[in-house]
Amino acid sequence: MDLKQALEGRRSVRRYQRRPLSREIITDLLQAAECAPSAGNLRARRYVVVTREEMRRALSLAAFGQSHIARAPALVVVCADPPRSSRRYGDRGGLYAVQDADAAIMCLILAAHDRGLGACWNGAFDDHLVRDILGLEEGVLPVAIISLGWPDESPPASSREGMEAVRWEVD
Ligand SMILES: Cc1cc2nc3c(=O)[nH]c(=O)nc-3n(C[C@H](O)[C@H](O)[C@H](O)COP(=O)(O)O)c2cc1C
C-alpha cells in the first residue's frame, strides 16, 4: 500500500469479525512496531499480546467497559518502560519512554491497516487495574490497549484538515 493512501485511508475500527488472528500476523505487527524510532535507541517500550478471553474481558472492564476491547480477537498492550530510559536520561527519560511507546503504536496500527486489519488505539483505562491484570513490573506504564481484528465495519472518512493547528514561522 502506498504510504499516503495508508495514512489517509486508516480509520479506528471497533467492530471485528470473530475470526482469530494468527500468531504470525501478530508477530509481523510487532516487528513493524519495533521499526519505530526510539530515544537513544534504548527501545524503552514493552508489548503484551492478549488473546485469552477472560483477560480481554478484564481489560475491557479496566477500560471503563469499552466493549470492543473484549470483542476484539487480539489485543496488544503497548507499555512505556521509563526506568530503562531514565537510567540514561534522568527525568527526561519518562517522557522519552512514552514517546518510544507512542511511535511504536503508530507503526503497529499502520502495519495492521496495510494488512487489511482493523485496529483501534484505546487510551482510556485505569492504569492500576491494567497493571494488575497484566502483572506488569514496577515502573512500567501501560500506554495503549490496541484492539485488533479483521474488520466488520468501514468507518466513513472524517475531516483531515487540521491545518489550523499549524503556525508557520518562516521567511
Ligand atoms: C491517545 C489516544 C487515545 C484514544 N483512546 C481511545 C479510547 O479509549 N477508545 C476509543 O474507542 N478510541 C480511542 N482513540 C481513538 C480516537 O477516538 C480516534 O483516533 C479519533 O476519533 C479519530 O478517528 P480515526 O482514528 O478514525 O481517524 C484514542 C486515540 C488516541 C490517539
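Because the structure is predicted, anything quoted here is derived from the model rather than measured.

> Help me get a handle on the side chain of Asp81, residues and values and all.
Note that Asp81 resides in the loop between β2 (74-80) and α5 (82-89). Residue class for Asp81 comes out buried when judged on its relative accessible area of 6%. Of the polar contacts made by the side chain of Asp81, one reaches the side chain of Arg46; its length is 3.0 Å. When neighbours within four sequence positions are excluded, Asp81 is seen to be in contact with Ala44, Arg45, Arg46, Ala97 and Val140.

> Requested: an account of helix α6 (residues 92-114), with residues and values cited.
Counted at 1.5 Å a residue, the expected span for α6 with its 23 residues is 33 Å, and the 33 Å between its end C-alpha atoms agrees. For α6, the full list of buried residues reads Gly93, Ala97, Asp100, Ala101, Ala104, Ile105, Leu108, Ile109, Leu110, Ala111, Ala112 and His113. Positioned one or two residues after α6, Gly116 has a phi angle of 85°, which is positive.

> So what's going on with the pattern of salt bridges? Which residues, and what values?
If you walk through the whole model with that rule in mind, you get eight salt bridges. For Asp28, the salt bridge goes to Arg115, with nearest N and O atoms at 2.3 Å. With Asp28 in helix α2 (residues 23-33) and Arg115 in the loop between α6 and β3 (118-122), this residue pair connects regions lying 87 residues apart in the sequence. Taking the relative accessible area as the measure of exposure, Asp28 reaches 29% and is therefore partly exposed. Put simply, Glu53 and Arg57 hold a salt bridge, and the shortest N to O gap is 2.6 Å. In this pair, Glu53 and Arg57 both sit in helix α3 (residues 53-62), four residues apart, roughly one turn of the helix.

> Go over the site of the ligand, please, and point to the residues and values.
Neighbouring the ligand are Arg10, Arg11, Ser12, Arg14, Gln66, His68, Cys120, Trp121, Asn122, Gly123, Ala124 and Arg160. In the model, an oxygen atom of the ligand is placed 2.7 Å from a nitrogen or oxygen of the Arg14 side chain. Between the ligand and Trp121, the relevant distance is 2.8 Å, taken from a nitrogen atom to a main-chain nitrogen or oxygen of the residue. Considering the ligand on its own, with 620 Å² of exposed area, one finds that the protein chains cover 58% of that surface. Among the elements that make up the shell around the ligand, the one with the highest residue count is β3 (three residues).

> Break down the nonpolar core for me, citing the residues and quoting the values.
A general feature of soluble globular proteins is that nonpolar side chains tend to end up buried together. If you look at the biggest cluster of nonpolar residues, it comprises 27 residues, and the most contacted ones within it are Leu21, Leu29, Ile105, Leu108, Leu117, Ile146 and Leu148. Those elements that place two or more of their residues in this core are α2, β2, α6 and β4 (141-149). At eight residues, the largest contribution of residues to this core is made by α6. Excluding its chain neighbours within four sequence positions, the residues that come into contact with Leu117 are Leu21, Ile25, Leu29, Ala112, Gly149, Trp150 and Pro151.

> Mind laying out α2, listing which residues take part and the relevant values?
When we look at burial in α2, the residues that qualify are Ile25, Ile26, Leu29, Ala32 and Ala33. What you see down the axis of α2 is that its buried residues fit within an arc of 115°, all on one side. Across α2 from its buried face, at more than 90 degrees, point the exposed residues Arg23, Glu24 and Gln31. In this fold, the buried residues of α2 make contact with β1 (45-50), β2, α6 and β4.

Scoring rules and cut-offs
Residues numbered from 1 in each chain as written. Predicted model: local features only at pLDDT ≥ 70, side-chain atom pairs only at ≥ 80, totals over all residues. Heavy atoms only, no water. Helix = DSSP H or I, 4+ residues; strand = E, 2+ residues; numbered from the N terminus. Buried < 20%, exposed > 50% of the residue type's maximum accessible area, 1.4 Å probe, protein only. Polar contact = N/O pair within 3.5 Å; in protein donor to acceptor, adjacent residues only side chain to side chain. Contact = heavy atoms within 4.5 Å. Expected span 1.5 Å × (residues − 1). Salt bridge = Lys/Arg side-chain N within 4 Å of Asp/Glu carboxyl O. Near = heavy atom within 4 Å. Areas by Shrake-Rupley, 256 points an atom, 1.4 Å probe, with all protein chains shown as cover. Core = buried A, V, L, I, M, F, W, Y, C linked by side-chain atoms within 4.5 Å. Arc of directions from axis to C-beta.

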